Amino acid sequence: MATTKNYIYKVYDRSLNYIGTWNDVTSQFQTSEELNGPGGQVQVTLARPADDFGEGEDVDFGFQVKIYVEDGDDINGKLVFTGFISNYTPTYGENEGLAVTVMGYGW
């Protein structure tokens, strides 16, 4: 029986104070990591209006993002990725939202 995985995206400011959890992630968790590389990055898509997406609140350059996974083995969540927001771009039109790049600390 396949276990459903639930990803939790927790956000911290530059002083590492907890801000909140992104509950509007529409993208699938996937990290780009090269063998023998310094770390990877995660592309996150948030379902937010392009003209009011939380800039300075829970999205800003340098904010830390910790991604946890909950499944049958780790019901309390297991940390699978930690990084910082290096870029974010609002998208307009039919697929309106916010594209966020989270770079792993290995970079």
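Each remark here, short or long, concerns the structure printed above.
Parameters at a glance
Residues numbered from 1 in each chain as written. Predicted model: local features only at pLDDT ≥ 70, side-chain atom pairs only at ≥ 80, totals over all residues. Heavy atoms only, no water. Buried < 20%, exposed > 50% of the residue type's maximum accessible area, 1.4 Å probe, protein only. Helix = DSSP H or I, 4+ residues; strand = E, 2+ residues; numbered from the N terminus. Pairing = 2+ DSSP bridges. Salt bridge = Lys/Arg side-chain N within 4 Å of Asp/Glu carboxyl O.

Caption draft 1: Structural context of the pairing of strand β7 (residues 97-104). Within β7, seven of the eight residues are buried, leaving the element largely enclosed by the surrounding structure. As paired elements, strand β4 (residues 41-46) and β7 share six bridges and run antiparallel to each other. Residue valine 42 lies in a different strand from β7, and its bridge partner there is valine 102. Alignment of strand β6 (residues 78-91) against β7, held across eight bridges, turns out to be antiparallel. Considered in β7, the bridge of threonine 91 is made with glycine 97. Counted between consecutive antiparallel strands, the loop separating β6 from β7 contains five residues, among which glycine 93 sits at a positive phi close to 95 degrees.

Caption draft 2: Structural view of the pattern of salt bridges. Within the structure shown, the criterion is met by three salt bridges. The closest approach of N and O atoms between arginine 48 and aspartate 24, which form a salt bridge, is 2.6 Å. One end of the pair, arginine 48, is in the loop between β4 and β5 (64-70); the other, aspartate 24, is in the loop between β2 (18-22) and β3 (31-32), with 24 residues separating them in the sequence. Neither arginine 48 nor aspartate 24 differs from the other in exposure class; each is buried. Aspartate 58 serves as the salt-bridge partner of arginine 48, at 2.8 Å between the closest nitrogen and oxygen. In this pair, arginine 48 is assigned in the loop between β4 and β5 and aspartate 58 in the loop between β4 and β5, connecting sequence segments ten residues apart. A single salt-bridge network, built from bridges that share partners, covers Asp24, Arg48 and Asp58.

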